[in-house]
Amino acid sequence: DLLRYFESLKYLTSDLFQELKTKVIDIHNFFFVGITASSQKIIQSFIDNEDVDPEKCMLLNNYFSFEKEQRFVDYFKKGDQVILICDVISTGYMVNKLEIQLKRHGANLAHIGVLVDAIDIKFKNLDYKNIKDKLTTIYPFVMKKFERSDISKLLQDKQLNVIRINPLSNTP
């Protein structure tokens, strides 16, 4: 909800951009990509604050098939350096998908800027080193994750209350 209000959006995005500037040398040579509605708001705020050039920003529409959007297909070229902007990173699914697609175009996912880092490094025993090495966040908040099969009995018996997060809106 914080991204709905101008003052909180401006504060959070300003803080995130300042953090990114401390970690990314020549930040103005990078392309910024946002795939969800929330990430688009963040990038638009960067543009409104004149932190980034709108020509260096790619606002994509479809979380599930962004790689088929014509502007994505036509936009990136060999050697382009990209910063993915997200409100929340949770499992790394979108990061990995974007990185694969960028490599197909010869571009590189160089950095990830997020408001909230909710990665649970113990989930599925996945290796998050590649993501963590590229990550800048203003609020680390580990959110324990579960496989449905591991908790289905607890859910059926109403011994566990789970809040599922919609990956499109990042809301319950």
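Here is what the cut-offs are and how they apply
- Residues numbered from 1 in each chain as written.
- Predicted model: local features only at pLDDT ≥ 70, side-chain atom pairs only at ≥ 80, totals over all residues.
- Heavy atoms only, no water.
- Helix = DSSP H or I, 4+ residues; strand = E, 2+ residues; numbered from the N terminus.
- Expected span 1.5 Å × (residues − 1).
- Buried < 20%, exposed > 50% of the residue type's maximum accessible area, 1.4 Å probe, protein only.
- Contact = heavy atoms within 4.5 Å.
- Patch = residues over 30% accessible without salt bridge, like charges linked within 9 Å, V, L, I, M, F, W, Y side chains within 5 Å.
- Areas by Shrake-Rupley, 256 points an atom, 1.4 Å probe, with all protein chains shown as cover.
- Salt bridge = Lys/Arg side-chain N within 4 Å of Asp/Glu carboxyl O.
- Pairing = 2+ DSSP bridges.
- Axes fitted to C-alpha atoms, helices over the stretch in contact; angles between N-to-C directions.

Participant: A description of helix H4 (residues 93-104) should follow, citing residues and the corresponding values.
Facilitator: If you check H4, its first and last C-alpha atoms are 17 Å apart, about what 12 residues at 1.5 Å a residue would give, namely 16 Å. Buried residues of H4: Met94, Val95, Lys97, Leu98, Glu99, Gln101 and Leu102, and no others. Those residues of H4 that are buried are in contact with strand S1 (31-34), helix H3 (70-75), strand S3 (81-89), strand S4 (108-117) and helix H5 (129-134). Count one or two residues on from H4 and you reach glycine 106, which has phi positive near 85°.

Participant: Give me the lowdown on the side chain of aspartate 120, citing residues and values where you can.
Facilitator: Looking at the secondary structure, you find aspartate 120 in the loop between S4 and H5. Among residues more than four places away in sequence, those in contact with aspartate 120 are Ser90, Tyr128, Val142, Met143, Lys144 and Lys145.

Participant: Break down a nonpolar patch on the surface for me, with residues and values.
Facilitator: A surface patch of nonpolar side chains, amounting to about 280 Å² of accessible area, comprises Tyr139, Phe141 and Met143. Note that tyrosine 139 resides in strand S5 (residues 135-140).

Participant: How would you explain the sheet that holds S5 if you had to name every residue and give the values?
Facilitator: The sheet built from five strands is open, its strands ordered S2-S1-S3-S4-S5 with parallel pairing. The open sheet is flanked by strand S2 (57-59) and S5, the only strands paired with a single partner. The average undirected angle you get between the axes of adjacent strands in this sheet is 15°. Along the sheet, helix H1 (residues 6-23) makes contact with S1, S3, S4 and S5, crossing S5 at roughly 140°. In the packing of H4 onto the sheet, contacts are made with S1, S3 and S4, and the angle to S4 comes to roughly 160°.

Participant: Could you give me a rundown of the environment of phenylalanine 76, with the residues and numbers involved?
Facilitator: Tracing the backbone through its elements, the reader meets phenylalanine 76 in the loop between H3 and S3. Using a relative accessible area of 5% as the deciding quantity, one classes phenylalanine 76 as buried. Distance in space between the C-alpha atoms of phenylalanine 76 and asparagine 108 is 9.5 Å, their sequence separation being 32 residues. The residues contacting phenylalanine 76, other than those within four sequence positions of it, are Phe31, Val33, Met58, Val82, Leu102, His105 and Ala107.

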